[in-house]
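# Observations on chain architecture
Here is what each chain is made of, one letter per residue.
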Amino acid sequence: MILHLRPSPIAASMYQLRDVGADAIILHGPSGCSFRTARLLELDGVRVFTTGMDENDFIFGGSEKLDYTVKYVIDYLKRNNKKKKYIIGIVGTCPSMIIGEDLHLPCKKYSDDSVIIVPVEVHSGMGDNTIGAIKAMEACLRAGLIDEKEFERQKYILQKATEVERKRGMAKNKYLKPTNEDDLEKVIEVFKNLKKGVRVLCVLNAKKETGYLFAHPLIEINRYMERRGIEVINIANLDPNVGLKKIREDAKNILREYRKRKINIDYITGGLDEYPITGEKVVDIVKKVGGDLVVVSGVPHAVPIEEVSKGRITVGISDGPRLYYPIKEMYHYSIIELDAHAKVLGRRTLVKSRFGEVLRFISND
């Protein structure tokens, strides 16, 4: 039983629909439901609509509002975005699912060669947020947007993501107190005291688009170490051939950022959505290449770093004030980048990190 706030299955299903290329998402519920997620997704180019259910609809049903909204959205997309095919997700909310609204009716009425409607029956009381993502993948499989093989891969990595959070991350305790504590200054001192002859391992193990931010400190570490003649090995989950449409595009974009700076990635561990399962590969690589300092950026708690921490310094960089202490239990140092997810939405190039900017400043000092 987790007593602090956790991500919603509704929000997770919306992000999954974005990743398959949805042009629009309709939330069948009150206008305030998942407000922040909806606003953030619009930064990523997905048009998000609501049926605006009210108390009257909670009693008598909101099927007429859903029908009207679907028709409006189809007309809106065809007026404003000329395409051969449009993907529209319909996502349930707590009230629409509690009263048993049929999200599939618009599919029968409005789906044709130019419109694919994907109904996702989800609400916030389902449990882990990944359940909502799996529900979205089930709906995409039924709609023919993904095949059975990709569905099984998605289901597996989403279940592993839940496992990581329960055992090592945000869901490991009943209540995780947020904190503004941070080891940034201590890590800077460690960097300043490094001597030639040491080997630094920069590991990107990022979740999806957050890689745009979490790659930045690693790129700045490369720059900093190059000026001091210190060897760096780069490891990243940036396989551009793995994942849904947007995931592959994001991997290509981040790889381009490395190439622009003439930084070679020595080992690719998997795709940007495979962060829950690439940790073991990271450990195998560390055992193989050695190294004196390992910096893991993104989802560091998905890497069993304790298996290779003896005799080397370890640094974890992640997002959120509730993760400082869980990461600190595994790594020597923990650095938190606040609001990483909000900062990367809508971006297709590198996003500056707090740690990366501090490192650049001291390297120019």
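What comes next concerns the included structure. (Residues numbered from 1 in each chain as written. Predicted model: local features only at pLDDT ≥ 70, side-chain atom pairs only at ≥ 80, totals over all residues. Heavy atoms only, no water.)

### Observations concerning the overall build of the protein
Heads up, the rule is: Secondary structure counts use DSSP, requiring at least four H or I residues in a row for a helix and at least two E residues in a row for a strand, with both numbered from the N terminus. As a reference, a globule follows 2.2 Å times the number of residues to the power 0.38, and the radius of gyration itself is taken over C-alpha atoms. A simple rule labels every residue: compare its accessible area, found with a 1.4 Å probe on the protein chains alone, to the largest value its type can have, and call it buried under 20%, exposed over 50%, or partly exposed in between.
For the protein, the count of helices and strands is 15 helices and ten strands. Radius of gyration (C-alpha) of the protein: 22 Å, near the 21 Å computed for a compact globule of 365 residues. Seen through its principal axes, the protein has C-alpha atoms that stretch 70 × 45 × 40 Å. For the protein, with 365 residues in total, the buried portion stands at 57%.

### Points about a nonpolar patch on the surface
Rules: Excluding any residue in a salt bridge, patches collect residues exceeding 30% relative accessible area, merging like charges within 9 Å and nonpolar Val, Leu, Ile, Met, Phe, Trp and Tyr side chains within 5 Å. Note on areas: Shrake-Rupley, 1.4 Å probe, and residue coverage restricted to the protein chains presented here. Any Lys or Arg side-chain nitrogen found within 4 Å of a carboxyl oxygen on Asp or Glu counts as a salt bridge.
A cluster of nonpolar side chains, Phe58, Ile59 and Phe60, forms an exposed patch at the surface whose accessible area comes to about 370 Å². Relative to the helices and strands, Phe58 is located in helix H3 (residues 55-60).

### Re the side chain of Arg312
What counts is decided by this rule: When charges are counted, neither His nor the chain ends are considered; positive counts come from Lys and Arg and negative counts from Asp and Glu. Contacts between residues were defined by any pair of non-hydrogen atoms, one from each residue, lying within 4.5 Å.
Note that Arg312 resides in the loop between strand E8 (293-298) and strand E9 (313-318). In this structure, Arg312 is buried with no salt-bridge partner, the nearest side chain bearing the opposite charge being Asp292 at 6.9 Å. For Arg312, the residues in contact, after removing those within four places along its chain, are Val286, Gly290, Gly291, Asp292, Val294 and His332.

### Let's talk about the packing of helix H10 (residues 211-227) against helix H15 (residues 354-364)
Under the convention used in this document: Here, axes are lines fitted to C-alpha atoms. For helices the fit covers the stretch in contact, and angles between N-to-C directions go from 0 to 180 degrees. Reported orientations rely on four angle classes, namely roughly parallel under 35 degrees, roughly antiparallel over 145, roughly perpendicular from 65 to 115, and oblique for the rest. By convention, the crossing between two helices is left-handed when the near helix turns anticlockwise from the far helix through less than a right angle, and right-handed when the turn is clockwise. Each residue gets one label: Ala, Val, Leu, Ile, Met, Phe, Trp, Tyr, Cys and Pro are nonpolar, Asp, Glu, Lys and Arg are charged, and the others, such as Gly, are polar.
Here H10 crosses H15 at 20°, and the two axes come no closer than 8 Å. Between H10 and H15, the crossing angle belongs to the class labelled roughly parallel. Judged by the twist between their axes, the crossing of H10 over H15 is left-handed. When H10 is examined against H15, the residues His216, Pro217, Glu220, Ile221, Arg223, Tyr224 and Arg227 are found in contact with a partner set consisting of Phe355, Gly356, Glu357, Leu359, Arg360, Ile362, Ser363 and Asn364. Considering only residue class, the contact of H10 with H15 consists of six nonpolar, four polar and five charged.

### So, unusual backbone geometry
With phi around 50°, Lys208 is a residue other than glycine that occupies positive phi space. For Lys208, the location among the structural elements is in the loop between strand E5 (199-205) and H10. Although it is not a glycine, Asp339 sits at a positive phi angle of roughly 55°. Inspection of the secondary structure assignment puts Asp339 in the loop between strand E10 (333-336) and helix H14 (340-344).

### Some points on the packing of aromatic side chains
Note the cut-off: Two rings from Phe, Tyr or Trp (for Trp, the six-membered ring) form a pair when their centres are within 6.5 Å of each other. A pair whose planes differ by under 30 degrees is stacked, one over 60 is edge-to-face, and the rest are tilted.
Inspection of the entire model under this criterion finds seven aromatic pairs. Between the aromatic rings of Phe49 and Tyr76, the centroid separation amounts to 5.6 Å while the plane-to-plane angle is 75°, which identifies the pairing as edge-to-face. With Phe49 in strand E2 (residues 47-50) and Tyr76 in helix H4 (residues 63-80), the pair connects residues that are 27 residues apart, well separated along the chain. Note on Phe49: relative accessible area 17%, which makes it buried. Considering the side-chain rings of Tyr72 and Tyr76, the 6.4 Å spacing of their centres and the 20° angle between planes classify their relative orientation as stacked.

### Considerations on the sheet that holds strand E3 (residues 86-92)
To be explicit about the condition: By this definition, two strands are paired if DSSP reports at least two bridges between them.
One open sheet holds the four strands; their spatial order is E2-E1-E3-E4, and the pairing between them is parallel. At either end of the open sheet lies a strand with only one pairing partner, and these are E2 and strand E4 (115-120). Strand-to-strand twist across the sheet, computed as the mean angle between neighbouring axes with direction ignored, equals 20°. With six bridges joining them, E3 and E4 adopt parallel strand pairing. The partner of Gly89 across the bridge, within E4, is Val118. Of the strands in this sheet, strand E1 (24-28), E2, E3 and E4 touch helix H1 (residues 9-19), which is tilted by about 175° from E3.

### Considering the pattern of salt bridges
If you walk through the whole model with that rule in mind, you get 29 salt bridges. Across the salt bridge formed by Arg18 and Glu209, the nearest N and O atoms sit 2.9 Å from each other. One end of the pair, Arg18, is in helix H1; the other, Glu209, is in the loop between E5 and H10, and 191 residues separate them in sequence. Accessibility assignment for this pair places Arg18 and Glu209 in one class, buried. Here the salt bridges share partners, and the residues they tie into one network are Arg18, Asp19, Asp44, Lys208, Glu209 and Arg348.

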